[in-house]
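# Breakdown of the fold
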Amino acid sequence: MRERAGELRAAARGADEERAVLAKIAAMPAADRAMGERLHAIIRAAAPGLAPKLWYGMPAYAKGGKVVCFFQGAQKFGTRYATLGFSDQATLDEGRMWPTAFALKELAAADEARIRELLQRAVR
């Protein structure tokens, strides 16, 4: 919660949020950092309307100030995989039930294509 309060204060001061996201990614352990850097590039290219920001200490991407997706490195909570998550702002609805988070152990070309497709749907 302290991290989130600091993020809100920085945003109120007009801090460069993309720089903060890149700094957070750079501070991650090597495996998370590599995945975070790749996801950042994919998200910025596939959904240029999303603005990078920190959200509870995680790199996130928002539309109109509301978080649409976020990256949680495996190290953050000591899990065996990283997570790409989508908030309720993402329009990924598929019937009555659909996934909102995806476990990532590594990123292959097919995974990157799926992420691009999800991002394009998320920001419609």
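Let us look at the structure shown here. (Residues numbered from 1 in each chain as written. Predicted model: local features only at pLDDT ≥ 70, side-chain atom pairs only at ≥ 80, totals over all residues. Heavy atoms only, no water.)

### Regarding the side chain of Ser 87
Tracing the sequence through the fold places Ser 87 in the loop between β4 (82-86) and β5 (101-104). For Ser 87, a relative accessible area of 16% corresponds to the buried category. What Ser 87 contacts, discounting residues up to four positions off in sequence, is Val 67 and Val 68. (Helix = DSSP H or I, 4+ residues; strand = E, 2+ residues; numbered from the N terminus. Buried < 20%, exposed > 50% of the residue type's maximum accessible area, 1.4 Å probe, protein only. Contact = heavy atoms within 4.5 Å.)

### Looking at unusual backbone geometry
The backbone phi angle of Tyr 56 is positive, close to 55°, even though this residue is not glycine. With respect to the secondary-structure elements, Tyr 56 resides in the loop between β1 (51-55) and β2 (58-63). We classify Tyr 56 as partly exposed; its relative accessible area is 36%.

### A closer look at the side chain of Glu 112
Considering the arrangement of structural elements, one finds Glu 112 in helix α5 (residues 109-122). Residue Glu 112 is classed as buried on the basis of its relative accessible area of 13%. Within the local environment of Glu 112, its side chain forms a polar contact with the side chain of Arg 38, the two groups lying 3.0 Å apart. With residues up to four places along the chain from it excluded, the contact list for Glu 112 reads Arg 38, Ile 42 and Leu 107. (Polar contact = N/O pair within 3.5 Å; in protein donor to acceptor, adjacent residues only side chain to side chain.)

### Observations regarding the packing of helix α2 (residues 17-26) against helix α3 (residues 30-46)
Two packed helices can be described by the angle between their axes and the distance between those axes. As a packed pair, α2 and α3 sit with axes 8 Å apart at the nearest point and diverge in direction by 150°. Considering their axes alone, α2 and α3 lie roughly antiparallel with respect to each other. Residues Glu 18, Val 21, Leu 22, Ile 25 and Ala 26 of α2 form the contact with α3, whose own contacting residues are Arg 33, Gly 36, Glu 37, His 40 and Arg 44. In terms of residue class, the contact of α2 with α3 is made up of 4 nonpolar, 2 polar and 4 charged. (Axes fitted to C-alpha atoms, helices over the stretch in contact; angles between N-to-C directions. Parallel < 35°, antiparallel > 145°, perpendicular 65-115°, else oblique. Nonpolar A, V, L, I, M, F, W, Y, C, P; charged D, E, K, R; others polar.)

### Points about the environment of Ile 115
Structurally, Ile 115 is set in helix α5. Between the alpha carbons of Ile 115 and Phe 102 there is a distance of 9.6 Å; along the sequence they are 13 residues apart. Not counting the four nearest positions on each side in its chain, Ile 115 is found in contact with Leu 39, Ile 42, Leu 84 and Leu 107.

Coordinates in, geometry out; function isn't part of it.
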